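Now for the letters of each chain:
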Amino acid sequence: MPFSHSRCVALKVIVLPPSEPVTLDTCDREPIHIPGSIQPHGCLIACDIGLTTIERASANAAAILECEASLPGRSVVDVLGHRLLHDLRNALATTNTASRPALLLDVACGDRMFDIAIHHHKSAVIIEFEPAPSVGQPLHIAREMIGRISDITDVDRLVQRAGRIVSGATGYDRVMIYRFEQDGSGKVVSETKRADLESFLGQYFPASDIPQQARALYLQNTIRVISDADGARVPIEPVLDASGEPLDLSFAHLRSVSPIHCEYLRNMGVGASMSISIILDGMLWGLIACHHYSPRTLPMAQRVAMEVFGEFFSLHLKSLKERRRVAAVAGTREALDRFLILSSHHEDVGELLRQSLHEFSRLLPNDGIGIMFDGKWTGLGATPPDAAVPDVLDFIRTASDGRVWATHALSQKLHEAAAYSDRVSGVLAIPLSQTGSDCLVFFRKELVQTLNWAGNPEKTYETGPLGDRLTPRKSFAIWKETVKGQAQAWADTEREIAEIARMAIVEVVLRHNELMAGERRKSEVRQRMLNQELSHRVKNILAVIKSLVTSPQHHKNTLEDYVATLQGRIEALSIAHDQVVRGDGGGILVDLLEAELQPYRSRASTISLAGPDVWLDSRAFSVLALVFHELATNAAKYGALSVSTGMVTISWTMTEGRGCEILWRESGGPLVDVPLRRGFGSALIERSVPYDLGGESMVRFEASGLEASFRIPLPHVKLTVSSTKAAVAMADNGGAQTGTLRGLDPAVLIVEDQILIALDLEAMLSEEGLSRVSTASSVRQAMAAIEAGAPDLAILDINLGSGNSFPVADELRRRGIPFVFATGYGEGAELPEGLANTLIVRKPYSGKAIVAALVALTETRS
């Protein structure tokens, strides 16, 4: 049985003969949607279709709703009151589906607050009540969770990240994501767990572990919670209605749990669980399964957030899978296009096909590949024995009938293949001729030869009355036996790619002489498209240059001056264009100033730059490139940069609500006079920022030197680094700012109680090439991680919710492991005397600040 909710219970218990072994097929014979009971963390009442009379109620309903008498037969309004009944009627009327429950959160019923679910199914209106703790708004929780996966563009990263986010948001000890295969079996593809728990990553389980009717309920109820694996159940009274029918709880949140599944959970020491269905195109793709090792009730508000997150995750996963499929097909076409181009230069098509086997092997995941062409067989990797190849090819020719043909269990189709099924079990054949005598064949090994489960082989489990069948290792063993002689099944996308390959290769074989003309036509189309794009870009650039060429130049005395000025302005545009392209649509202010002033740094005059790291968008970058060019050129001709004693000081600050304020000040140069006439350059300096950016400009001709001030408004600027003073000082004194961790790959331990912050920090370190990063959210987890394998460096959040990380810091110091505190308290953090000199990086921190701190720790340790 897998780690989900195989909800096999009923109004009766099936007793197996002593000689009959325990199998989960028993669940397929039980009506699990009518258990006749609910879980004890809430209560339930069932009313008539008009919502006037209570017909059935759970045995605990009167106590929870604080009613003295038994509820069946009583008026709904007498028990719930007019106001709540009115709200329930409205909720039932506005729900978009008859069976999907409508939810009312934090609602008063008598003197208590409840979360309520109401739905209409068949001839009953079912109302469920659960105590309503204060856990926050579900939409806010869901929005925060969704924001952490919405920008992920890779399926594998999405699956890994989603498990960690659910773990952080719910607090379950273990969160797994497992995927159902085409044959109904499943595999754990992602896991986030407590450090001391055995890993189930890579675990497989057979299709029989989740009965078909349980899978149907997963499609109807996308979230399912088991609050206590001890299996306590509250009966519904009466069990049958007047017509002898039990109450159908298919859509009820509180529906009780299979005793078989509860026994399975108890065998593993699990006290509570939750599952979220992952549904793609109306099919159950997999589950997000959560385990907790003590009883745990997840409030309805959090379940709503998890359900919303699960639906978004399913949509995002579908989108990424489709994107992956499109990319795979596009990559196939590109690879085949290269093959088509190569074929135009080869007269021997057979030799070209054999030389291209390595390229073909990249089209599909495989363990081996071979080609039969003109009676000659060539193979790479895991292929059938040479003596068996003719029989395999004869069988493929008969079975394929000139079309792409595949099987994941060759020994079931060709009995002789059982002798080498460990080496070749999966086959996908692409016929290259109508008769099938020529074909390209992909092979896959037996799946049990390639899997890797990270579980502990020495781990033992407690067993209940039904024996060791209800343990993950027994499920794994049964699955291995079930898929013996089978390979990973060929996906629809892979068959699509194979069909594309077939058409392309057959075209080469049948119409080789026509491909050269076809390739020339394709090349001409591509060339026309390239020429059109180039023409568009050149016209834009020429339009800007035209405005510079035709601008008034009355103050220029010679043609040489005009040409030099025009050349400088075009070079400034070039600098801005290059930086915008390299910087993905913008650039850093100090980089722009360095580029514009670099030609003048060789002189004896002094240039000083001071200010924070400020990012300019592409528009501001281009405008300021021209402005700074004009200022620098004028300073070199007439101002402070024209003499050896001159000095140019440029400073800038970010002001809340106003943006970036820049001050250009010249001193020590020739005496400055106010010009009698303003030229095009002066107009650029004074009017570009207000006109193009909506900012402010001011130029003052002081006798001691020109001063210019600019204000760039917030839409065009932002701070890019939030480093601490300690990190800045460290960079200045130790040179850590230019250091790097690339190539060192130290093991880094992150101790952070906020999962979202920990994920961001992991991403920062990953971008720096650090792959050995582990996280812990508490002192206990951190100590266990250190004991399991001491890190080289550590990043500690001071405040860990109910405690702090000082015990971890003491242990790291005892072991001689350097660490840094990362905290929102900054320099104001109160540290114990022994830790007072520890480096602190203030939140929110940047990757630059963190890396600088870690580089300093590395150098200190060295």
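This part is about the overall build of the chain. Along its length, the chain carries 24 helices and 33 strands. Per-residue burial for the chain yields a buried fraction of 49% across its 862 residues. A sequence separation of at least 24 residues applies to 67% of the contacts in the chain between residues at least 6 apart. Of the roughly 40400 Å² of accessible surface on the chain, 52% is carried by carbon and sulfur atoms.

Take helix α18 (residues 618-637) next. The terminal C-alpha atoms of α18, which comprises 20 residues, lie 29 Å apart, in line with the 28 Å expected from a rise of 1.5 Å per residue. Extensive coverage of α18 is indicated by the burial of 15 of its 20 residues.

At a minimum axis distance of 8 Å, the contact between helix α4 (residues 138-147) and helix α8 (residues 300-343) shows a crossing angle of 35°. When the axes of α4 and α8 are compared, the crossing they make is right-handed. Contacts between α4 and α8 pair P138, I141, A142, M145 and I146 from the former with A301, Q302, V304, A305, M306, V308, F309 and F312 from the latter. Grouping the amino acids of the contact of α4 with α8 by side-chain chemistry returns twelve nonpolar, one polar and no charged.

Attention now moves to the pairing of strand β24 (residues 696-702). For a regular strand, side-chain orientation follows a simple rule: the groups alternate between the two sheet faces. Pairing analysis gives seven bridges linking β24 to strand β25 (residues 705-712), with the strands arranged antiparallel. When the sheet's bridge partners are listed, F701 is paired in β25 with L706. Count of turn residues in the β24/β25 antiparallel hairpin: two residues.

Okay, the sheet that holds strand β10 (residues 223-226) next. One open sheet accounts for six strands, arranged β9-β8-β7-β13-β12-β10; its pairing is antiparallel. For this open sheet the edge positions go to β9 (204-205) and β10, each flanked by a neighbour on one side alone. Inspection of the sheet shows β10 paired to strand β12 (residues 272-280) by four bridges, in the antiparallel sense. Residue I223 lies in a different strand from β12, and its bridge partner there is I276. Across the sheet, helix α6 (residues 212-220) is in contact with β7 (174-180), β12 and β13 (283-292); its angle to β13 comes to roughly 90°. In the packing of α8 onto the sheet, contacts are made with β7, β10, β12 and β13, and the angle to β12 comes to roughly 35°.

A few words now on the pairing of strand β15 (residues 376-381). Bridge count for strand β14 (residues 368-373) against β15 is six bridges, and the pairing is antiparallel. By the bridge assignment for β15, G368 is matched with G381. Joining the antiparallel neighbours β14 and β15 is a turn of two residues, in which D374 adopts a positive phi near 55°.

Between its terminal C-alpha atoms helix α5 (residues 155-170) stretches 23 Å, which fits the 22 Å expected from 16 residues at 1.5 Å a residue. Three or more residues of α5 are buried, namely V155, L158, V159, R161, A162, G163, R164, I165, V166, S167 and T170. The opening residue of α5 is D154, an N-cap whose side-chain oxygen sits 3.1 Å from the backbone nitrogen of D156. Of the residues one or two after α5, G171 is the one with positive phi, at around 80°.

Across all of its chains, the model carries eight aromatic pairs by this definition. Between F806 and F821, the ring centres sit 6.0 Å apart and the planes meet at 75°, which makes this aromatic pair edge-to-face. Of this pair, F806 sits in helix α23 (residues 806-815) while F821 is found in strand β32 (residues 819-823), placing the two residues 15 residues apart along the sequence. With relative accessibility at 14%, the residue F806 sits in the buried group. F821 sits in the buried class, given a relative accessible area of 0%. If you follow R296 out to its NZ or CZ, it ends over the ring of Y172, 5.3 Å from the centre.

Here the structure, examined in full by the defined rule, presents 28 salt bridges. Between E494 and R444 there is a salt bridge, with the nearest N and O atoms lying 2.8 Å from each other. Of this pair, E494 sits in helix α14 (residues 492-510) while R444 sits in strand β18 (residues 439-444); the two residues are 50 residues apart in sequence, bridging distant segments of the chain. Of the residues examined, E494 reaches a relative accessible area of 12% and is grouped as buried. Accessibility expressed as a relative area gives 6% for R444, which makes it buried. Residue E787 pairs with R815 through a salt bridge whose shortest N-O separation is 3.2 Å. Linking E787 in helix α22 (residues 779-788) with R815 in helix α23, this pair joins segments that are 28 residues apart in sequence. Accessibility expressed as a relative area gives 34% for R815, which makes it partly exposed. Three or more residues joined by partner-sharing salt bridges are found here, namely R658, E661, E696 and R711.

Relative to each other, α22 and α23 sit at 20°, their axes nearing to 9 Å. By the criterion of interaxial angle, the relationship of α22 to α23 is roughly parallel. As for the relative orientation of α22 and α23, their crossing is right-handed in sense. Contact residues: V779, A782, M783, I786 and E787 in α22; P807, V808, E811, L812 and R815 in α23. The residue inventory of the contact of α22 with α23, partitioned by class, reads seven nonpolar, no polar and three charged.

A few words now on the confidence of the model for the chain. Summary statistics for the chain give a mean pLDDT of 79 and a share of 77% for residues scoring 70 or more. Mean pLDDT across the secondary structure elements of the chain bottoms out at helix α20 (residues 725-734), with 32, and peaks at strand β2 (residues 43-47), with 95. Ignoring residues within four places in sequence, the model shows residues 3-22, a span with pLDDT below 50, making 73 contacts including any to other chains. Scored below 50 in pLDDT, residues 453-460 makes 18 contacts in the model with residues more than four places away or belonging to other chains.

Here we come to the sheet that holds strand β19 (residues 586-588). Pairing within the open sheet is antiparallel, and its three strands lie in the order β19-β21-β26. Edge positions in the sheet fall to β19 and β26 (717-719), since each has one partner strand and no second. Between one strand axis and the next, the sheet turns by 25° as a mean value, whatever way the strands run. Bridge analysis of strand β21 (residues 614-617) against β26 gives three bridges, and the strand direction is antiparallel. Across the sheet, W615 pairs through a bridge with K718, a residue of β26. Where helix α17 (residues 589-597) meets the sheet, its contacts fall on β19 and β21, and the angle it forms with β19 comes to roughly 80°. In this fold α18 packs onto β19 and β21, with an angle of close to 95° to the strand it touches most, β21.

Reading the values: rules and limits
- Residues numbered from 1 in each chain as written.
- Predicted model: local features only at pLDDT ≥ 70, side-chain atom pairs only at ≥ 80, totals over all residues.
- Heavy atoms only, no water.
- Helix = DSSP H or I, 4+ residues; strand = E, 2+ residues; numbered from the N terminus.
- Buried < 20%, exposed > 50% of the residue type's maximum accessible area, 1.4 Å probe, protein only.
- Contact = heavy atoms within 4.5 Å.
- Areas by Shrake-Rupley, 256 points an atom, 1.4 Å probe, with all protein chains shown as cover.
- Expected span 1.5 Å × (residues − 1).
- Axes fitted to C-alpha atoms, helices over the stretch in contact; angles between N-to-C directions.
- Left-handed = near helix turned anticlockwise from the far one by under 90°.
- Nonpolar A, V, L, I, M, F, W, Y, C, P; charged D, E, K, R; others polar.
- Pairing = 2+ DSSP bridges.
- Polar contact = N/O pair within 3.5 Å; in protein donor to acceptor, adjacent residues only side chain to side chain.
- Phe/Tyr/Trp six-rings, centres within 6.5 Å; stacked < 30°, edge-to-face > 60°.
- Lys NZ or Arg CZ within 6 Å of the ring centre and 35° of its normal.
- Salt bridge = Lys/Arg side-chain N within 4 Å of Asp/Glu carboxyl O.
- Parallel < 35°, antiparallel > 145°, perpendicular 65-115°, else oblique.
- pLDDT = per-residue confidence, 0-100.

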